[in-house]
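# Observations on the model geometry
Each chain is listed here by its residues.
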Amino acid sequence: MAEDPVNDPLIVRLRIPYEFIAGNDIVEGGITEENTLLQILHWIGFRTDAQRDALMEDSFGTFDDLKVLTEKDITTMASDFGGRQAVRDRIHFGTRRTKSIKGLIHWVQDFYRVSEKPSIVGLNEVTFKQQLERALARADIRTTLKNQASTAADAATPGPLKSEKQWKEWEEKFVNYARSQLSSNGIPLSYVVRENEQPDTETVHPDFVNKTIACAPLSGEYYSADRLAVFNFIVSFTTGQPSGDWIKNTLKFADGRRSMQALRDHFAGEGNATRNVAEADRLKESLHYKSEKAMTFETFLTQCQKMYNIYEKEGEPMTDEAKVRFLFKRVQHDKLTSSIDALKAQITAGVNVSYTMAANHLSAAVSELPDYLARNRNVSGVGNSTGGNGDDGNAGIHNSDGSIKTGFISNWKSLSKEERAQVIAERKRLGIKGGKGGRGSSNKDLSTANTLKQLKEQNKKYKRKIKAMKRVQFGDDKDDDANDKSDDDDDAGDQFGGKASRKKMKAKK
């Protein structure tokens, strides 16, 4: 079939010359894809028509061409153009222009990652080059994250989905786990199991990573590979569990999004939503704060937040004003009445008191309550009762000052091999002998050993005094240091048939 001369890029460029944007002037809307590429090459530093035409005809004439290129391809391209025999065909890219084109491919690919078409509308040369630098930085970050993916994933693993009761927490952990893994296109795999089917391009997202998760296309070759990876994750966490039965109908599709939706339909369906709201209602009726002994204020606020989260997830969110009213009503400690009254007075005066502000104000007031101070003193006292070397109730192997415990550790059997090795090494370094069941020398043991040592020293001192008195009494004026030393360890009874006496008798024979 003959080529259409109207759509041929070279003929169009010859017919309608493009006027390049220079200086601080910005690109207006309505620019074609072809002219966009010409303008970009001009900004990068290819200033002649011959250079720009050669690049567009031999290497990339559309954004789709750039979308599939890699940095290695650009290096090869620069080497090829720089090594051509004909002078008119030879182009020396140089380091700066080579790096800019590498940035260009990442810049183009970032647009496709968020389901958008590359555009330079509203940009000038300076702002465009800033975007290239940002695209290169994102590429470096993706490389670093891929290298750390294995470690991050091990730390974030949600574990098996064993029961319905576990679902809400497991789902959050699984999404976080998928987020720690980068897809084949450099997007966190959590985009595969996001709630929205269509890309959310209208919302202003906090950062580019969150934007890719919300806006990445759920189609194409990259997505096909990614949904298979997520499917394998889900199978590994549900195999051998009752939850595995709910994805059996999806196994033939090998589609992680479909499998995740099956789990959500079962565990978070209408019946479960009703149960979740019932749980939130129960919390709303039973929650109250009366004293630190009955329930700490921190625990009370945590339970309140759990209730708010359930209502919001099930489509019945509480307003900030409703949260503040609930807080005032359910804080029933008699010594917090004045603090609540002060907050109410501010609201009456027109001050916008948010729930966070009210909660923080009451938290500060609670920290000055006698029962709060008493509870924390008790906890502090328990922590210091062993002098830092024994088991202070902390499940770890470190004391409050960061040193390693060398005394008795009650949860020795639950410690990891690495933690046990650290404790044993520290005991060995300090010359402390360990015992059965994680029992090392406690402060009491060390104190007893010191006392015995002191008593022995005193005993030797008294023996020397006795000997000196004997010499004076019996007229023995000999200064016999050797005898004193040899008798230091003799007991008084040795003169009348003790161990030392028997040894001397043997020596004479």
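What counts and what doesn't
- Along each chain, residue indices are assigned from 1 in the same order as the chain's sequence is written.
- With the structure being a predicted model, the display of local features is reserved for residues of pLDDT at least 70 and the display and counting of side-chain atom pairs for 80 or more, all residues being used for whole-chain, interface and lining totals.
- Hydrogen atoms and water are omitted, and side-chain values are computed over all heavy atoms in the structure.
- Only runs of H or I of at least four residues qualify as helices and only runs of E of at least two qualify as strands under DSSP, and these elements are numbered from the N terminus.
- Two residues form a contact once any of their heavy atoms are found within 4.5 Å.
- Throughout this description, buried means an accessible area under 20% of the type-specific maximum (1.4 Å probe, protein chains only), exposed means over 50%, and partly exposed covers the range between.
- Two N or O atoms count as a polar contact when they lie within 3.5 Å, although within protein this holds only if one can serve as hydrogen donor and the other as acceptor, and sequence-adjacent residues are included solely when both atoms are side-chain atoms.
- Helix axes are fitted only over the stretch in contact, all axes being lines through C-alpha atoms; the angle between N-to-C directions runs from 0 to 180 degrees.
- To sort the angles, those under 35 degrees are grouped as roughly parallel, those over 145 as roughly antiparallel, those from 65 to 115 as roughly perpendicular, and the leftovers as oblique.
- Here a crossing is called left-handed whenever its near helix is offset anticlockwise from the far helix by less than a right angle, and right-handed whenever the offset is clockwise.
- Confidence of the predictor at the level of single residues is captured by pLDDT, which takes values from 0 to 100.
- Two rings belonging to Phe, Tyr or Trp (six-membered ring only in the last case) form a pair when the distance between their centres is within 6.5 Å. Interplanar angles under 30 degrees mark stacking, angles over 60 mark edge-to-face geometry, and anything in between is tilted.
- Every case where a carboxyl oxygen of Asp or Glu lies within 4 Å of a side-chain nitrogen of Lys or Arg is listed as a salt bridge.
- Take the buried Ala, Val, Leu, Ile, Met, Phe, Trp, Tyr and Cys residues and link them wherever side-chain atoms come within 4.5 Å; each set so joined is a nonpolar core.
- By definition here, a helix of n residues has an expected span of 1.5 Å times n minus one.
- Taking the helix axis as origin, the arc is that swept by the directions to the C-beta atoms.
- A residue's bend is given by the angle between axes fitted to the 7 residues ending at it and the 7 residues starting at it.

### Considerations on the overall build of the protein
Scanning the protein for helices and strands turns up 21 helices and zero strands. Here the analysis covers contacts within the protein between residues at least 6 apart in sequence; of these, 58% occur between residues at least 24 apart.

### Here we look at the side chain of Arg 264
Tracing the chain through its elements places Arg 264 in helix H11 (residues 256-267). On the accessibility criterion, Arg 264 (10% relative accessible area) is buried. Within the local environment of Arg 264, its side chain forms a polar contact with the backbone oxygen of Val 193, the two atoms lying 2.8 Å apart. What Arg 264 contacts, discounting residues up to four positions off in sequence, is Trp 167, Glu 171, Val 175, Val 193, Arg 194, Glu 195 and Gly 269.

### Focus: the packing of helix H10 (residues 221-238) against H11
Where H10 meets H11, the closest approach of the two axes is 7 Å, and the angle between their N-to-C directions is 40°. With respect to H11, the element H10 is oriented oblique. Across the interface between the two elements, Tyr 223, Arg 227, Val 230, Phe 231, Ile 234 and Thr 238 of H10 pack against Gly 256, Arg 257, Ser 259, Met 260 and Leu 263 of H11.

### Remarks on the packing of helix H13 (residues 297-313) against helix H16 (residues 355-366)
One can describe the packing of H13 onto H16 by two numbers: an axis separation of 11 Å at closest approach and a directional angle of 165°. Considered as vectors, H13 and H16 are oriented roughly antiparallel to each other. For the crossing formed where H13 meets H16, the hand is right-handed. Here H13 contributes Phe 297, Leu 301, Cys 304 and Tyr 308 to the contact with H16, which in turn contributes Tyr 355, Ala 359, Leu 362, Ser 363 and Val 366.

### Concerning the confidence of the model for the protein
This prediction gives the protein a mean pLDDT of 83; 80% of its residues lie at or above 70. Counted against residues more than four places away or in other chains, residues 1-7, with its pLDDT under 50, gives five contacts. In this model residues 477-488 is a low-confidence stretch, pLDDT under 50, and it forms ten contacts with partners more than four residues away in sequence or in other chains.

### Thoughts on the packing of aromatic side chains
Going through the model one piece at a time under the given rule, you end up with 19 aromatic pairs. Taking the centre distance of 5.1 Å and the plane angle of 90° together, the rings of Tyr 18 and Phe 20 count as edge-to-face. When its relative accessible area of 22% is taken as the criterion, Tyr 18 is described as partly exposed. Phe 20 gets classed as partly exposed once you look at its relative accessible area, which sits at 25%. Aromatic side chains Trp 107 and Phe 128 sit 5.3 Å apart centroid to centroid with 80° between the ring planes, which places their arrangement in the edge-to-face category. Residue Trp 107 is found in helix H6 (residues 94-113), and its partner Phe 128 is found in helix H7 (residues 125-156); the two are separated by 21 residues along the sequence. By relative accessible area, Trp 107 is classed as buried at 3%. For Phe 128, a relative accessible area of 0% gives the class buried.

### Considering the environment of Leu 104
Turning to its location among the elements, Leu 104 is positioned in helix H6. In the structure, Leu 104 is positioned 60 residues away from Ile 44 in sequence and 9.3 Å away in space, judged by C-alpha atoms. Apart from residues no more than four positions distant in its own chain, Leu 104 is found in contact with Ile 40, Ile 44, Leu 66, Phe 128 and Leu 132.

### Regarding the pattern of salt bridges
Side-chain pairing between opposite charges can occur once the charged atoms of the two side chains come close. Throughout the structure, instances matching the rule amount to 19 salt bridges. For the salt bridge of Lys 67 with Asp 64, the shortest nitrogen-to-oxygen distance reads 4.0 Å. Pair noted here: Lys 67 and Asp 64 are both in helix H4 (residues 63-67), with a separation of three residues, about one helical turn. Relative accessible area serves as the criterion here: at 32%, Lys 67 is assigned to the partly exposed category. You can call Asp 64 partly exposed: its relative accessible area is 42%. For Arg 113, the salt bridge identified is with Asp 110, shortest N-O distance 2.7 Å. On the criterion of helical spacing, the pair formed by Arg 113 and Asp 110 is a turn pair, its members being three residues apart in helix H6. For the pair formed by Arg 113 and Asp 110, the shared burial category is buried. A network of salt bridges, in which partner residues are shared, links Asp 110, Arg 113, Arg 138 and Arg 142.

### Structural notes on the side chain of Ser 190
Relative to the helices and strands, Ser 190 is located in the loop between helix H8 (167-179) and helix H9 (208-215). For Ser 190, the contacting residues outside a window of four places in its chain are Val 175, Ala 178, Arg 179 and Ile 213.

### Points about the environment of Leu 430
Tracing the backbone through its elements, the reader meets Leu 430 in helix H18 (residues 417-430). When the C-alpha atoms of Leu 430 and Thr 406 are compared, they prove to be 8.8 Å apart, with 24 residues separating the residues in sequence.

### Considering the nonpolar core
Across soluble globular proteins, you tend to see nonpolar side chains buried next to one another. Formed by 34 residues in total, the largest nonpolar core has its most connected members in Leu 66, Phe 93, Leu 104, Trp 107 and Phe 128. Residue assignment for this core shows that the elements contributing at least two residues are helix H2 (33-44), helix H3 (49-58), H4, helix H5 (71-82), H6 and H7. Element by element, the count of residues in this core is highest for H6, at seven residues. Within the second largest apolar cluster, 31 residues are counted, among which are Leu 287, Tyr 311, Ala 358 and Leu 369.

### Points about unusual backbone geometry
Positive phi outside glycine occurs at Ser 115, with the angle close to 60°. The phi dihedral of Ala 254 is positive, around 50°, even though this residue is not glycine. Locating Ala 254 in the fold gives a position in the loop between H10 and H11. With relative accessibility at 24%, the residue Ala 254 sits in the partly exposed group.

### A word on H16
Here H16 spans 16 Å end to end across twelve residues, near enough to the 16 Å set by a 1.5 Å rise per residue. Every buried residue of H16 is listed here: Tyr 355, Ala 358, Ala 359, Leu 362, Ala 365 and Val 366. In a view along the axis of H16, the buried residues occupy a sector of 120°, so they form one face of it.

### Regarding H7
The axis of H7 is deflected most strongly, by about 55°, at Ala 149. Considered for burial, the residues of H7 that qualify are Glu 125, Phe 128, Leu 132, Ala 135, Leu 136, Ala 139, Arg 142, Ala 149, Ala 153 and Ala 156. Turning to H7, the residues buried within the fold contact H2, H5, H6 and H8. The backbone nitrogen of Val 126 lies 3.1 Å from a side-chain oxygen of the residue at the head of H7, namely Asn 124.

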